[in-house]
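Survey of secondary and tertiary structure
Given next are the chains, with one letter for each unit.
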Amino acid sequence: MLNKEIWFVTGSQHLYGPKVLAEVADNSAAIVKGLNETQKLPVNLVCKPTVKTPEEIHSVCQQANNDVNCVGLVLWMHTFSPAKMWISGLNELQKPWLHLHTQFHAKLPWSDINMNYMNTHQSAHGDREFGFIGTRMRKERKVVVGHWQAPHVVEQIDGWCRAALGWAESQSLKVARFGDNMRHVAVTEGDKVAAQIAFGYQVHAYGVGDLVNVVNEVSDAQAKAQLEVYQNDYQISDETWKDEHAQKMLLNEAKLELGMEKFLTEGGFGAFTNCFENLTGLTGLPGLATQRLMAKGFGYGGEGDWKTSAMVRIMKVMGEGREGGCSFMEDYTYNFDKVDQVLGAHMLEICPSIADAKPRLEVHRHTIGVSCDVARLLFTAKTGPSICVSPIDMGNRFRIIVNEVDTVAPPAGTPNLPVASALWEPKPDLNVSAAAWIYAGGAHHSAYSQAVTTDIIEDYAEMAGVETVIIDENTTLRQFKNELRQNAAYYALKQGV
Ligand code: MN
């Protein structure tokens, strides 16, 4: 991601003379250098010349719009930058921006402080003048407050940069649909034109025959070579490895994987969906193949769920370089116990990036919708804080639902369960979490991540101008239901006619 940039732009004016402006430029460069040197940002922060006039501001905003590598801007008013100067620039700025409300020096030099110092280090009020125009112009932006070296500030900038990377991915993402949505299912449907307007990503449908042609072009030798990769990446029992039928099922998956990857890569797709009802010409529902493609970074949604597929891809980009993986997920079954738990899984397609150990590769009978033997990876998810994210189409707009959860170790083995799974305890507890999720209309599918935080999703949703509702340790149902009602009014008004 280091080819992606966030531009650091400092605002000032000519009132203070060249000496102060030189200091402002030096300080800005030092902040950028310092932040880059933390190595905690997922992008390269680039210091731009201080802007002092409406023309310079307008120009840097236009340059940012036109630069493909620039995914956002950090704006800071070291001194005072009268905010009417920012109107034309902000009016045209199409990249997300973060208002960093910081100050070069952390501590006041009590014995030396004079009016020169005060005039050079006046972001305390310069940034408030700038803040006003953002609010006056109804601009969505992130405000981060604190000394730029403080860990909580770096952490927030890191998170926001990840949201900006996700937003950039969202703008260019193409999702391939093989077949259509599962018949009669409501939540996986949606308005693809509205989604492209809101999130930028494109969704394109293909007949399964188009994919079958590419899969059939994969040679036996290519598939055989792929089996060595599997042997290296996963635990495979001798029994499976030496079984002729199991070998055939592994070769099936190898052909599916290589064929789908070729199709997606050549078409410029970052995510895909398929559906067990639309498999004519394929050997069965791809299992291992889909799991591996997700691990390679592709988004995926089952049963034609293109919204969740896109979200999985975007969240994989957001989480890149961080510990922990991201997967397509489904709330599958409950464990009502001392602490109520959710066992998340899917028919087959859970991404091994979330696994707690080297996955086992096994062949089992698949019986849902289609009946066939399928090679698939088995594992349980790594423990720790995670989130489940569900983008839904409300008919006239989108809503993104986030639930913070704790992924925990299963209390016992599940020797008869032939799929990968994640066991979690939702916050604040299952009663409130599931009720809030259902009131909000959250899907039975979600994008599950161990690396992406709620704040990142919230920042991303604000970039898209889309509602987010968050279910966390502070959620109460009374307050949550009111939030849904109030949001409904706000977004209806915001949308206009
Ligand atoms: Mn499903």
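Just above, that's the structure.
The structure presented is a predicted model; accordingly, all values stated were derived computationally and were not measured.

Only E303 (OE), E330 (OE), H346 (NE2) and H445 (NE2) from the protein coordinate the manganese ion, and they sit 2.1 to 2.2 Å from it. Between the donor residues of the manganese ion, the gaps in sequence give the motif E-x26-E-x15-H-x98-H. Highlighted residues: E330 in strand β10 (residues 326–335) and H346 in the loop between β11 (341–345) and β12 (360–366), separated in sequence by 16 residues. Residue E330 shares its accessibility class with H346, and that shared class is buried.

Moving on to helix α16 (residues 477–495). Its 19 residues give α16 an end-to-end C-alpha distance of 26 Å, which sits within 8% of 27 Å, the value for a rise of 1.5 Å per residue. The complete set of buried residues in α16 reads F480, L484, N487 and Y491. Projection of α16 onto a plane perpendicular to its axis shows the buried side chains occupying an angular sector of 70°, all on one side. In α16, those exposed residues whose orientation departs by more than 90 degrees from the buried face are R478, R485, Q486 and L493. Along its buried surface, α16 packs onto β15 (398–408), α14 (430–440) and β18 (467–471). Trailing α16 by a residue or two, G496 shows a phi angle of about 70°, which is positive.

We now examine helix α8 (residues 208–216). Listing the buried residues of α8 in full gives V208, L211, V212, V214 and V215. In an axial view of α8, the angular spread of the buried residues amounts to 165°, which keeps them on one side of the axis.

Counted under the stated rule, the structure contains 21 salt bridges. Of the charged contacts in the structure, one is a salt bridge between E257 and K296, with a shortest N-O distance of 2.7 Å. Here E257, found in helix α11 (residues 244–267), pairs with K296, found in the loop between α12 (288–295) and β9 (299–301); they are 39 residues apart in sequence, far enough to count as distant. We classify E257 as buried; its relative accessible area is 0%.

What counts and how
- Residues numbered from 1 in each chain as written.
- Predicted model: local features only at pLDDT ≥ 70, side-chain atom pairs only at ≥ 80, totals over all residues.
- Heavy atoms only, no water.
- Donors = N, O, S within 2.8 Å, 3.2 Å for Na, K, Ca; no water.
- Helix = DSSP H or I, 4+ residues; strand = E, 2+ residues; numbered from the N terminus.
- Buried < 20%, exposed > 50% of the residue type's maximum accessible area, 1.4 Å probe, protein only.
- Expected span 1.5 Å × (residues − 1).
- Arc of directions from axis to C-beta.
- Contact = heavy atoms within 4.5 Å.
- Salt bridge = Lys/Arg side-chain N within 4 Å of Asp/Glu carboxyl O.

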